[in-house]
Amino acid sequence: MNIKATSQHITNQLSQTSRSPLTFLPGHIFQGKITKLFPNHLASLSINGMHLTARLEASLTVGGRYWFEVQEGSGVPRLKVIENSGKQSTELTTGVNQQMIRKLGLPQSKAMEALLLHLSTNQLTLPKATLKDAAQLLTSLNRYDREAIEVVQTMIQKKLPLTKDTANALLSLQKEPMLHQQLQQLMHATEQSAQRLEPTVQQLQSALKAFFNQSQWQESRSPVQHLLSQLTPSSSTEGERQAATSLLVKMGVMNPNEDVQSFLARVHQAATAPENQPVVKQLLPQATVHSLTQLEPQVALERMMNAIAIPAGKDGSIQLNQLLQLVQPSLKAADLEGVLLKISSQPLTNDERIQLETTLNQSVQPKQIEGMRSPLSSLQQIISLLGYDHENEMFKHLQNPNRSDFIHTDRLKGILMQLQNELPEGLKEKVGEVVQRITGSQLMAVEQQGPLHQVLLQLPLALGSFQTDLTVQWEGRRQSNGQLDPNHCRILFYLELENLNEMIVDMQIQNRVISINVFNEYDKPTSLISLLLPSLKATLEQKDYKLNVFGWKKITDYEQPSHKPSNEQVYNKRVDYRGVDIRI
């Protein structure tokens, strides 16, 4: 799946609607093509697909490419011809670059040649006064490749200081591994460090543990455990019990034609059997044969379900296998992968559909941490814990040292910067890489193009025990209170999930009416979507939003390759979709 190409395509679509005109200010230089000549020294130029009418001070030829410098003046831009690069030339030769550098009065260097070639090839404009500083920066980086030049271009456009530290922070965003992997590797390094008992290393490890714990915003629960808990009268109604029983039979956890009482008696007998005590001890460390024997079967099952917490997916496979040894020894956890998805495509009664929807919703729940009561507050908490507002908070503190609301001890970036110079060399380097990446994300976070604002955030995310990076790109207009307008905006989510793998969610909001398109490599799970869509609509309606469109676009279909590849080229083996990753 070419997720990067697809995400770039969607991002380009987004940026085209908000692309600001090319800037032609005095001192800017660029290469353009003459398309038409008019009387009174006027000409039409083409640059980067845009057309400009300007006043020229030299005789030029239609179709020729020339280097221009914007002159002082008002009204129609006045352009000074610096160099003719040839009528049919599409890129510059080294000789022409050197001529350009001499005529501009700039120092000769490999970096300067690379910058001018980049301007020519990509049809861009840059201030002449900035080129010298940009070339010095490339020389200090000892990099003249496209990636480094584009980063420098971004720094100029965003008016960032042309320093090596800033450039390295932005370059770090394009490197592997991702931020969540960097943090995990750093955590592993603290555990393996020869100086792991030193106070600074222990402080670093404690800070990382606290961040991982507080940034885990969802907890998963095995659907099997939830359905078993529905079999007791204190947990469900008669209709819910019957629906849960039917689903457990279809999953193979209960035997066909087995009623609830017989099933409870069988599980109770298995849980109190001497040969099963090693399994019971692992599953329920506090339980004893005596304590379970004294309980009624349904009470014993209720106590068991309340005492254990089996995560959904691979993380809970060991515990689920232990539970299955008691309730259905012939089954393994691997046998139940994808079963609920298959069941959702089968004919179901209304009670069964409601129970299945409830089970899927219960399989992913927000983690109960103070201040993290919703996905939005969870993301805000992660942004704060990561230290995206570290410099802003420090600035406010310097202005008013007596602020009572100044809290920085739990901000990861601040802690890493504080400990960095006191750590052993290996850890010091890894901490520096993490700080660079966080700083790069801060620098790229906000951009304004005319009345539109873009916010781009990359956050490490823990969905259960699955670690990933979530990239959120939000575009909209700012309101008078400084916040982006939630009634009219576009939000793109880029992430990799445990079961769905890489995916993009493109959400567009117009007058609080939402259109959602999901881009993924798998076929559309129609039955599962139809099962969960009512819950999504109801949740959005609680927030005063209306879901109008929910689309699913398979990436291979969306890319529309020019030639049809062979089956061997497309898939080396068949991969089935399994599981549910995230609750919206």
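Cut-offs used in this document
- Residues numbered from 1 in each chain as written.
- Predicted model: local features only at pLDDT ≥ 70, side-chain atom pairs only at ≥ 80, totals over all residues.
- Heavy atoms only, no water.
- Helix = DSSP H or I, 4+ residues; strand = E, 2+ residues; numbered from the N terminus.
- Buried < 20%, exposed > 50% of the residue type's maximum accessible area, 1.4 Å probe, protein only.
- Contact = heavy atoms within 4.5 Å.
- Areas by Shrake-Rupley, 256 points an atom, 1.4 Å probe, with all protein chains shown as cover.
- Pairing = 2+ DSSP bridges.
- Salt bridge = Lys/Arg side-chain N within 4 Å of Asp/Glu carboxyl O.
- 1 Å grid on protein atoms, 1.4 Å probe; cavity = no way out; pocket = protein on both sides within 12 Å on 5 of 7 lines; lining within 4 Å.
- Points joined across faces, edges and corners; volume = space filled by probe spheres on them.
- Nonpolar A, V, L, I, M, F, W, Y, C, P; charged D, E, K, R; others polar.
- Polar contact = N/O pair within 3.5 Å; in protein donor to acceptor, adjacent residues only side chain to side chain.
- Arc of directions from axis to C-beta.
- Axes fitted to C-alpha atoms, helices over the stretch in contact; angles between N-to-C directions.
- Parallel < 35°, antiparallel > 145°, perpendicular 65-115°, else oblique.
- pLDDT = per-residue confidence, 0-100.
- Right-handed = clockwise from strand over helix to strand, strands pointing away.
- Left-handed = near helix turned anticlockwise from the far one by under 90°.
- Phe/Tyr/Trp six-rings, centres within 6.5 Å; stacked < 30°, edge-to-face > 60°.
- Lys NZ or Arg CZ within 6 Å of the ring centre and 35° of its normal.

**Here we look at the overall build of the protein chain**
Then comes step 1: Each helix and strand counted, the protein chain has 24 helices and 15 strands in total.
Then comes step 2: Of all 584 residues assigned to the protein chain, the portion counted as buried reaches 46%.
Then comes step 3: Of the contacts formed within the protein chain by residues at least 6 apart in sequence, a portion of 59% connects residues at least 24 apart.
Then comes step 4: Working note: accessible area of the protein chain is about 30500 Å², and carbon and sulfur atoms make up 49% of it.

**Re the pairing of strand 4 (residues 65-71)**
Then comes step 1: When you tally the buried positions in strand 4, you get 6 out of 7 residues, the bulk of the element.
Then comes step 2: As defined by bridge partners, strand 1 (residues 28-38) adjoins strand 4 across 5 bridges and the pair is classed as antiparallel. Opposite Phe30, over in strand 4, you have Phe68 as the bridge partner.

**Let's talk about the pattern of salt bridges**
Then comes step 1: This model, assessed by the stated rule, comprises 10 salt bridges.
Then comes step 2: Taking the shortest distance from any N to any O, the salt bridge between Arg512 and Asp544 comes out at 3.6 Å. Of the two residues, Arg512 is situated in the loop between strand 13 (501-510) and strand 14 (513-520) and Asp544 in the loop between helix 22 (526-542) and strand 15 (546-554); the sequence distance between them amounts to 32 residues.
Then comes step 3: One salt-bridge network, in which partners are shared between bridges, spans Arg143, Asp145 and Glu147.

**Section: empty space enclosed by the protein**
Then comes step 1: With the rule as written, the count across this model stands at 1 cavity of 30 Å³ or more.
Then comes step 2: Roughly 30 Å³ of volume is contained in the largest cavity.
Then comes step 3: Residue lining of the largest cavity: Asn321, Leu324, Gln325, Pro329, Leu331 and Lys332, and that is the complete set.
Then comes step 4: The class makeup of the residues in the lining of the largest cavity is 3 nonpolar, 2 polar and 1 charged.

**A look at the side chain of Thr125**
Then comes step 1: Relative to the helices and strands, Thr125 is located in the loop between helix 3 (110-122) and strand 6 (126-127).
Then comes step 2: With relative accessibility at 11%, the residue Thr125 sits in the buried group.
Then comes step 3: Of the polar contacts made by the side chain of Thr125, one reaches the side chain of His28; its length is 3.4 Å.

**Points about the side chain of Ser363**
Then comes step 1: Here Ser363 shows up in the loop between helix 17 (350-362) and strand 8 (364-366).
Then comes step 2: Separated by 2.5 Å, the side chain of Ser363 and the backbone oxygen of Leu360 make a polar contact.
Then comes step 3: Discounting chain neighbours no more than four positions away, the residues touching Ser363 are Glu219, Ser220, Arg221, Pro223 and Ala312.

**Here's the deal with helix 14 (residues 297-307)**
Side chains that are three or four residues apart share a direction in an α-helix, a result of its 3.6 residues per turn.
Then comes step 1: Within helix 14, the full set of buried residues consists of Ala300, Leu301, Met304 and Met305. The buried residues of helix 14 occupy one face: seen down the axis, they fall within an arc of 130 degrees. Turned more than 90 degrees off the buried face of helix 14, the exposed positions are Arg303, Asn306 and Ala307.

**Some points on the packing of helix 17 against helix 22**
Then comes step 1: Contact geometry for helix 17 and helix 22: axes closest at 10 Å, N-to-C directions at 80 degrees. On the basis of their axis angle, the class for helix 17 and helix 22 is roughly perpendicular. Two secondary-structure elements touch here, helix 17 through Arg353, Leu356, Glu357, Leu360 and Asn361 and helix 22 through Leu528, Ser530, Leu531, Leu532 and Ser535.
Then comes step 2: The residue inventory of the contact of helix 17 with helix 22, partitioned by class, reads 5 nonpolar, 3 polar and 2 charged.

**Things to note about the confidence of the model for the protein chain**
Then comes step 1: Averaged over the protein chain, the pLDDT score is 81; the fraction of residues at 70 or greater is 84%.
Then comes step 2: Across the protein chain, strand 14 holds the top mean pLDDT of 95, while helix 24 (residues 567-570) sits lowest at 33.
Then comes step 3: Across residues 86-95 the pLDDT falls below 50, and counting only partners more than four positions away or on other chains, this stretch makes 18 contacts in the model.

**With respect to the pairing of strand 15**
Then comes step 1: Across 8 bridges, the pairing between strand 14 and strand 15 is parallel. Note on strand 15: the bridge partner recorded for Ile514 is Leu547.
Then comes step 2: The β-α-β motif built from strand 14, the intervening helix 22 and the parallel element strand 15 has right-handed crossover chirality.

**Re helix 15 (residues 317-327)**
Then comes step 1: Turning to helix 15, its buried residues number three or more, namely Leu320, Gln322, Leu323, Leu324, Leu326 and Val327.
Then comes step 2: The inward-facing, buried residues of helix 15 abut helix 9 (223-229), helix 11 (260-272), helix 12 (277-283) and helix 14.

**Considerations on unusual backbone geometry**
Most peptide bonds take the trans form, and the phi angle of most residues other than glycine is negative.
Then comes step 1: Pro177 follows Glu176 through a cis peptide bond whose omega is 0 degrees.
Then comes step 2: With phi around 65 degrees, His41 is a residue other than glycine that occupies positive phi space.
Then comes step 3: Tracing the sequence through the fold places His41 in the loop between strand 1 and strand 2 (42-47).
Then comes step 4: With a phi close to 65 degrees, Asn257 is a non-glycine residue in the positive phi region.
Then comes step 5: Tracing the sequence through the fold places Asn257 in the loop between helix 10 (238-251) and helix 11.
Then comes step 6: Assessed through its relative accessible area of 85%, Asn257 is described here as exposed.

**Comments concerning the packing of helix 5 (residues 146-157) against helix 6 (residues 164-172)**
Then comes step 1: Across the interface, helix 5 lies against helix 6 with an axial gap of 10 Å and an inter-helix angle of 115 degrees. Along this stretch, helix 5 crosses helix 6, giving a crossing that reads as right-handed. Note on element contacts: helix 6 touches helix 5 through Thr166, Ala167, Leu170 and Leu171, opposite Glu147, Ala148, Val151 and Met155.
Then comes step 2: Across the contact of helix 5 with helix 6, the residue classes break down as 6 nonpolar, 1 polar and 1 charged.

**A few points about the environment of Asn548**
Then comes step 1: Relative to the assigned elements, Asn548 resides in strand 15.
Then comes step 2: Counting along the chain gives 32 residues from Asn548 to Ile516, while the straight-line C-alpha distance between them is 8.2 Å.
Then comes step 3: Filtering out sequence-adjacent residues up to four positions away, Asn548 remains in contact with Val513, Ile514 and Ser515.

**So, the packing of aromatic side chains**
Then comes step 1: One pass over the structure, following the stated rule, counts 3 aromatic pairs.
Then comes step 2: Each ring, one from Tyr66 and one from Phe68, has its centre 6.1 Å from the other, and the planes form 50 degrees; the classification is tilted.
Then comes step 3: Three or more aromatic residues joined by ring pairs form one cluster here, namely Phe30, Tyr66 and Phe68.
Then comes step 4: Above the face of the Tyr545 ring, Arg512 is positioned so that its terminal group lies 3.9 Å from the ring centre.

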